[in-house]
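Observations on the model geometry
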Amino acid sequence: GLDARSELFIGMSPYVWADFGRDEEESIGDVVVGFRQRVQEQTSRRPSLAVQVAAKLPTADEDDGIGTGEPDLFLAGIASWSESEWGATAFAQAGLLGEQDERHDVDGQFVLALAGSHSLDEVRRDVSAFGEIAEVWIPDRDVDQTLLTLGATWAWMPGRVFDVGVAFGLSDDAPDAVLLFGITTGLGALGPRAANR
């Protein structure tokens, strides 16, 4: 966290295994770095709003089909609402994808997603179930993916979350199924915020 409303983040998939039908491949995933700024706090009538800028660094093995080998840039808007044991998030993103073939210098990507969560522990609220429906369009590559993700999270301590989920492809372009495991950890305050502690 840089201050109470802004944060830097970094993420990656340390292990990706893919079954392409005729063969199987494994690799590390791409690295994503970004910045998120909350521009509006939640009130009784309005959700919290944030903007996000992120870049994908091509660290995945493109020869094995895990990554594209090209950098990408994304701009997103996020609206979130939480009420007692329930939470909801709407996400809209536009991206510029690095050249994958000689037809285009960059390709546009558009993502819309809606997610909801519900606490399964009324006292500690450290275990939650979640669901998400997402649509990904890449018009220049004729890609239209619809994904449904279901899973659970466990916040075993403040700033540390483990999650597991399964994403199901609901369109022809989407993968049939993806098994997901994740760990999120906060790195604490940075910059002026850390100096004031």
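Before reading on, note that the structure itself is shown above.
Notes on the structure follow. Numbers given for residues are sequential positions, taken from 1 along each chain in its written order. It should be noted that, the model being predicted, local features are given only for residues of pLDDT at least 70 and side-chain atom pairs only at 80 or more, the latter also being counted only at that level, while totals for whole chains, interfaces and linings use all residues. Heavy atoms throughout the structure, all of them, feed into the side-chain values; hydrogens and water do not.

**Some words on the overall build of the protein chain**
Heads up, the rule is: Secondary structure follows DSSP: runs of H or I at least 4 residues long count as helices, runs of E at least 2 residues long count as strands, and numbering of each begins at the N terminus. Our radius of gyration is a C-alpha quantity, and the globule rule it is checked against amounts to 2.2 Å times the number of residues to the power 0.38. Only protein chains enter the accessibility calculation, which uses a 1.4 Å probe. A residue is then buried if its area is under 20% of the maximum for its type, exposed if over 50%, and partly exposed in between. Between two residues, a contact is recorded if the distance between any of their heavy atoms is within 4.5 Å. Only the protein chains shown count as covering a residue, and every accessible area follows the Shrake-Rupley method with a 1.4 Å probe.
From N to C terminus, the protein chain includes one helix and twelve strands. Start at the N end of the protein chain and walk to the C end: the helices and strands fall as β-β-β-β-β-β-β-β-β-β-β-β-α. Against the compact-globule benchmark of 16 Å for 197 residues, the protein chain has a radius of gyration of 18 Å, which places it among compact chains. Burial analysis of the protein chain (197 residues in total) assigns 25% to the buried set. Residue pairs in contact within the protein chain that sit at least 24 positions apart in sequence constitute 41% of those at least 6 positions apart. Per element, the accessible surface of the protein chain, about 12600 Å² overall, is 58% carbon and sulfur.

**Regarding the environment of Ser48**
On the secondary structure map, Ser48 appears in strand S5 (residues 48-57). Along the primary structure Ser48 and Ala79 are separated by 31 residues, whereas in three dimensions their C-alpha atoms are 5.6 Å apart. Residues in contact with Ser48, not counting those within four places in the same chain, are Arg38, Gln40, Glu41, Gln42, Ile78, Ala79 and Ser80.

**Quick look at the pattern of salt bridges**
Quick note on the threshold: A pairing counts as a salt bridge when a side-chain nitrogen of Lys or Arg comes within 4 Å of a carboxyl oxygen of Asp or Glu.
Summed over the entire model, instances satisfying the criterion amount to six salt bridges. The salt bridge partner of Asp30 is Lys56, with a shortest N-O separation of 3.7 Å. Here Lys56 lies in strand S5 and Asp30 lies in the loop between strand S3 (24-27) and strand S4 (31-40), a separation of 26 residues in the sequence. Each member of the pair, Asp30 as well as Lys56, is classed as buried. Several salt bridges share partner residues, and in doing so they unite Arg5, Arg38 and Glu41 into one network.

**Remarks on a nonpolar patch on the surface**
Cut-off, in case you're wondering: For patches, a residue must show more than 30% relative accessible area and have no salt bridge; joins then use 9 Å for like charges and 5 Å for nonpolar side chains, namely Val, Leu, Ile, Met, Phe, Trp and Tyr.
Taken together, the side chains of Trp154, Trp156, Met157, Phe162, Leu179, Phe181 and Ile183 make up a nonpolar region of the molecular surface, amounting to roughly 770 Å² of accessible area. Here Leu179 lies in strand S12 (residues 177-185).

**Some thoughts on a negative patch on the surface**
Quick reminder of the rule: The charge count treats Lys and Arg as positive and Asp and Glu as negative. His and the chain ends do not count. Here the site of a charge means atom NZ of a Lys, CZ of an Arg, CG of an Asp or CD of a Glu.
Together, Asp142, Asp144, Asp172 and Asp173 make up a negatively charged patch on the protein surface. Checked against the element boundaries, Asp144 lands in strand S10 (residues 143-157).

**So, the pairing of S4**
Inclusion rule: Strands are treated as partners if at least two bridges between them are detected by DSSP.
Taken together, the seven bridges between strand S1 (residues 6-12) and S4 define a ladder with antiparallel strand orientation. Residue pairing for S4: Ser6 is matched across the bridge by Gln37. Here S4 runs beside S5; their pairing, made up of nine bridges, is antiparallel. Note that in S5 the partner of Phe35 across the bridge is Val53.

**Here's the deal with the side chain of Ser128**
With respect to the helices and strands, the residue Ser128 is situated in strand S9 (residues 127-138). Not counting residues within four places of it along the chain, the set of residues in contact with Ser128 comprises His118, Ser119, Leu120, Gly151, Ala152 and Thr153.

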